[in-house]
Amino acid sequence: MLQTRFTKALCTRSMSIFRSRAEEEKLKRAKAKRRQPLYSVDPDDEKNLPIYEYGSATPTNRVYTWGMACYGALGVPNYVRKRLNNTRKSSDVMHYPNRCPLAEKRITTSIGCGHGFTVFGIKDPVHHLLGTGINTDGQIGYHAPRKDHPLEILIAPVPTTLAIPKGHNVKSIGCGRAHTIVLSSDNQVFSIGNNAYGQCGRPVLPNEDYFRNRVIHTVKGPWESADEDETIVDVVCGQDHTFFLSTRGQLFSCGWGADGQLGGGDYASQHTPTLIHGDLKGENVVKVASSADCVLALTDQGEVFGWGNSEYGQLASVTDEQQINTPHKLNTRGLGRIKDIAAGGTICLILNGK
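Quick summary incoming for the structure in this document. (Residues numbered from 1 in each chain as written. Predicted model: local features only at pLDDT ≥ 70, side-chain atom pairs only at ≥ 80, totals over all residues. Heavy atoms only, no water.)

1. Observations regarding the pattern of salt bridges
Counted according to the given criterion, the structure contains 10 salt bridges. The residue Arg212 makes a salt bridge to Asp209 at a minimum N-O spacing of 3.7 Å. (Salt bridge = Lys/Arg side-chain N within 4 Å of Asp/Glu carboxyl O.)

Right, dumping it as structure tokens:
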């Protein structure tokens, strides 16, 4: 016992040799503070006590990504690094939802997925977007760590700033094969990326180098001149075309139209957003769905309209043709009121209220 106490005292004394005078004073103050008595607080004075708020490192939102991982679209650099290093755990595909920590450092307001790339709308004092993945057409923006050497592939989310007033952020994002459309909370519409068919809502320029284009364009449309109260509330991108949904339930389109997906009554492409009629005339559209060349629109009455590509029988209830260039009301008899819609490359889905 004596030997143990002596050894403990010796160890304590030897450690004090390495402490500075300032550290010794700090330890003394800490010990004195621990010896101070505790006092009870008068309930009447409790309301006057200061309230302290402490920041938390835990993110307030969760972002999960899955699918093709080899080009950085999932925003997790380790997926790509493992592949480059040929480790045993490398995989070109993530088969289940997995956290994307780099996208959780800010509050994410919206997400858009294109062909091999992802764009996140964020709340941030300076930046408004995070983009990751394939960037061969500038669909994520211009990002050059070295001057005049932009990156074709980004394996982690990088920020982009839009011309949005302070206090506003991104409201909606649409991503196509190689272009991105962004709607801000102050009702501005922006476009970046490939514009070969006018899908960015601006004139097509011959031999334009989209990869090195540093300009983020503002999209102007007929909704601005038709009614001062009419603005865009949502943007949706198909493969190489774009839809703009207005507050009045009107739908505008631009871009590639070879399958009739623009709904304008022909199969031509156009760069100017144009109002869609057909069976939609007079209807109040609340949602549009299109990820390839087939399009569905849902109205406030729970009715569904379709047009575009029907090669796989997506629109077989109203046509035997492979394409329709104007909206047609689909036969949903017996299904009740439709609440939601989705359109893929070869299939369509609807959700009813039953």
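Moving on from the model shown.
2. Concerning the sheet that holds strand E18 (residues 323-329)
With antiparallel pairing, four strands are arranged side by side in an open sheet as E15-E16-E17-E18. Edge strands, defined here as strands with exactly one partner in the open sheet, are strand E15 (285-289) and E18. The average angle at which neighbouring strand axes cross in this sheet is 10°, direction not considered. (Pairing = 2+ DSSP bridges. Helix = DSSP H or I, 4+ residues; strand = E, 2+ residues; numbered from the N terminus. Axes fitted to C-alpha atoms, helices over the stretch in contact; angles between N-to-C directions.)

3. Description of the pairing of strand E9 (residues 189-193)
With respect to burial, E9 is a largely interior element, five of its five residues being buried. Following strand E8 (residues 179-184), the chain reverses through four residues before pairing antiparallel with E9; Asn187 in that reversal takes a positive phi of roughly 70°. In this sheet, strand E10 (residues 217-218) lies alongside E9 in antiparallel orientation, the contact comprising two bridges. If you follow Phe190 over to E10, its bridge partner there is Thr218. (Buried < 20%, exposed > 50% of the residue type's maximum accessible area, 1.4 Å probe, protein only.)

4. As for the sheet that holds strand E11 (residues 232-237)
Ordered by their spatial adjacency, four strands build an open sheet running E11-E12-E13-E14, and the pairing between neighbours is antiparallel. Each edge of the sheet is formed by a strand with only one pairing partner; in this case those strands are E11 and strand E14 (270-275). Within this sheet the neighbouring strands show an average axis-to-axis angle of 15°, counted without direction. As judged from the five bridges shared by E11 and strand E12 (residues 241-246), these two strands associate in the antiparallel manner. Residue Val235 lies in a different strand from E12, and its bridge partner there is Phe244.

5. Examining the packing of aromatic side chains
On inspection of all chains with the given rule, the structure shows four aromatic pairs. For the ring pair Trp223 and Phe244, a centre distance of 5.3 Å and an interplane angle of 35° mean the geometry is tilted. Taken together, the residues Trp223 in helix H5 (residues 223-226) and Phe244 in strand E12 connect sequence positions 21 residues apart. This pair shows no difference in class: Trp223 is buried, exactly as Phe244 is. Taking the centre distance of 6.2 Å and the plane angle of 85° together, the rings of Phe243 and Trp307 count as edge-to-face. (Phe/Tyr/Trp six-rings, centres within 6.5 Å; stacked < 30°, edge-to-face > 60°.)

6. A closer look at the environment of Val76
Inspection of the secondary structure assignment puts Val76 in the loop between strand E1 (64-68) and helix H4 (77-84). Separated by 81 residues in the primary sequence, Val76 and Pro157 have C-alpha atoms spaced 8.3 Å apart. If we skip the residues at most four places from it in the chain, Val76 touches Arg99, Cys100 and Ile155. (Contact = heavy atoms within 4.5 Å.)

7. Things to note about the environment of Ile347
Here Ile347 lies in the loop between strand E19 (338-343) and strand E20 (348-352). Look at Ile347 and you get exposed, because its relative accessible area is 52%. The spacing of Ile347 and Ser310 is 37 residues in sequence and 9.3 Å in space, taken between C-alpha atoms.

8. So, unusual backbone geometry
Of note, the phi angle at Asn187 is positive, near 70°, even though the residue is not glycine. With respect to the secondary-structure elements, Asn187 resides in the loop between E8 and E9. The class for Asn187 is partly exposed, based on a relative accessible area of 35%.

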